[in-house]
Amino acid sequence: MIELPDRSTLYCASDLHLSTHTPRTMQAFEHWLAGIATENAVIWLLGDVFEVWYGDDYSDDCTMRFEKAVRSAVAAGAQVSFLHGNRDFLLGEDFAERCGMTLQPDPEFLNIAGRVVMLTHGDALCTDDTAYQAFRRQSRDIDWQERLLGQPLAHRMALAKTIRQESKEHKANSALSIQDVNLQAVQAAFGGRWPDGDYIGPCQVMIHGHTHRCAVHRAEQQANTGTQTGQLTDGLRIVLPDWNFDTPDPGQSKGGFLNIQPNGSYTLTVFN
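Description of the structure in this document. What you are looking at is a predicted structure, and each value in this text was computed from that prediction instead of being measured.

## Some details on the overall build of the chain
Next, step 1: Each helix and strand counted, the chain has 7 helices and 13 strands in total.
Next, step 2: Here the chain has a C-alpha radius of gyration of 18 Å; the compact-globule value for 272 residues is 19 Å, and the two agree.
Next, step 3: Reported as C-alpha extents along the three principal axes, the dimensions of the chain are approximately 50 × 40 × 40 Å.
Next, step 4: Taking all 272 residues of the chain together, 48% fall into the buried category.
Next, step 5: Contacts spanning at least 24 positions in sequence make up 71% of the contacts within the chain whose residues lie at least 6 apart.
Next, step 6: A total of about 13,100 Å² of accessible surface is found on the chain, and carbon and sulfur atoms cover 48% of it.
Next, step 7: Across the chain, the centroid of the 22 positively charged side chains sits 4 Å from that of the 34 negatively charged ones.

## A short note on the sheet that holds strand E8 (residues 205-208)
Sheet strands associate in pairs through backbone hydrogen bonding, adopting either a parallel or an antiparallel arrangement.
Next, step 1: In spatial order, the strands read E1-E6-E7-E8-E11-E9; together these 6 strands make up an open sheet with mixed pairing. Pairing within the sheet leaves two strands with one partner each, and these edge strands are strand E1 (2-3) and strand E9 (215-217).
Next, step 2: Of the strand pairs in this sheet, E9 and strand E11 (residues 236-239) are connected by 3 bridges, and their pairing is antiparallel. Within the sheet, the bridge partner assigned to His217 lies in E11 and is Arg237.

## Examining helix H4 (residues 130-139)
Next, step 1: Those residues of H4 lying buried are Tyr132, Gln133, Arg136 and Ser139. Buried residues of H4, viewed axially, fall in a sector of 130°; they line one side. The exposed residues of H4 that point more than 90 degrees off its buried face are Thr130 and Arg137.
Next, step 2: On its buried face, H4 is in contact with helix H5 (142-149).

## Quick notes on the side chain of Arg156
Next, step 1: Structurally, Arg156 is set in helix H6 (residues 153-172).
Next, step 2: The buried category is assigned to Arg156, whose relative accessible area is 6%.
Next, step 3: When residues no more than four places from it in sequence are discounted, the contact partners of Arg156 are Tyr54, Gly55, Asp57, Leu148, Leu149 and Gln151.

## Overview of the pattern of salt bridges
Between side chains of opposite charge, a pair can form when the charged atoms approach closely.
Next, step 1: The final tally for this structure, using the stated rule, is 10 salt bridges.
Next, step 2: Among the salt bridges present, the one from Arg87 reaches Glu51, with a minimum N-O distance of 2.6 Å. Taken together, the residues Arg87 in the loop between strand E4 (79-83) and helix H3 (93-99) and Glu51 in the loop between strand E3 (41-45) and helix H2 (61-75) connect sequence positions 36 residues apart.
Next, step 3: What makes Arg87 partly exposed here is its relative accessible area of 26%.
Next, step 4: Glu51 sits in the partly exposed class, given a relative accessible area of 22%.
Next, step 5: A salt bridge links Asp123 to Arg140; the nearest nitrogen and oxygen atoms lie 3.1 Å apart. Pair noted here: Asp123 is in the loop between strand E7 (115-119) and H4 and Arg140 is in the loop between H4 and H5, with a separation of 17 residues, a long-range link.
Next, step 6: Salt bridges sharing common partners tie together Asp106, Asp123, Arg136 and Arg140.

## Let's talk about the pairing of strand E6 (residues 108-112)
Next, step 1: Within E6, 4 of the 5 residues are buried, leaving the element largely enclosed by the surrounding structure.
Next, step 2: With 2 bridges joining them, E1 and E6 adopt parallel strand pairing. By the bridge assignment, Ile2 is partnered in E6 with Leu110.
Next, step 3: By the bridge criterion, 5 bridges tie E6 to E7 in an arrangement that is antiparallel. From the neighbouring strand, Leu110 faces E7, where its bridge partner is Val117.

Criteria and cut-off values
- Residues numbered from 1 in each chain as written.
- Predicted model: local features only at pLDDT ≥ 70, side-chain atom pairs only at ≥ 80, totals over all residues.
- Heavy atoms only, no water.
- Helix = DSSP H or I, 4+ residues; strand = E, 2+ residues; numbered from the N terminus.
- Rg over C-alpha atoms; globule rule 2.2 N^0.38 Å.
- Buried < 20%, exposed > 50% of the residue type's maximum accessible area, 1.4 Å probe, protein only.
- Contact = heavy atoms within 4.5 Å.
- Areas by Shrake-Rupley, 256 points an atom, 1.4 Å probe, with all protein chains shown as cover.
- Lys, Arg positive; Asp, Glu negative; His and termini not counted.
- Charge placed at Lys NZ, Arg CZ, Asp CG, Glu CD.
- Pairing = 2+ DSSP bridges.
- Arc of directions from axis to C-beta.
- Salt bridge = Lys/Arg side-chain N within 4 Å of Asp/Glu carboxyl O.

Encoded structure:
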């Protein structure tokens, strides 16, 4: 378990889906990161930071700008951690090292104000989508990843395009309910049982992204949306917002982030 240092601030963001087709979102990320990067900043990026990741041997304007932004944040004294999502699970140690950031397991746990806080991308909790979970098990297998990364870059790019198209079709033909977390899986995870059956230890607070359904869920209370502040309490689940400054839906937020202080106070900021 990781201790949040005194006088530090934890920042969490996820689901930026950065690519060369999202210049405004990239600019917003660069501005946000530069604005919070101090020696007291502990920054966690909880997956799907990139729309797709072909391998650490691929580079474009998006990856280079991200690398530059993170290196600048680290040079300013910030600690930056990266946790894989379902879009960027192939991002490896080579790229992380070039950026100066640390790859973390999913889930990981922080001790904040005496409470165990779980950080996870969130896709493992969407257990009702059995087709996706089968792909997730395959795509997280180290041998499968090594075989894929051993293929030529052009082959990986073509395969990624096919997988993205299949994913869009699957999502379009699936009920909205299976695209959200399964509440029984969530409660089991609070109690220490991960969806794959492993015992990971209990937590009191859960933070995740993936679902694009930003909200603060408190035990036995209706979920609240939008920018809000509060104090970490048992049974609290915070769902991070996805980012989209390029083609935002009318009335929807453009992104946001969570910050938590060592005393357990938090602010969920939503960009409108």
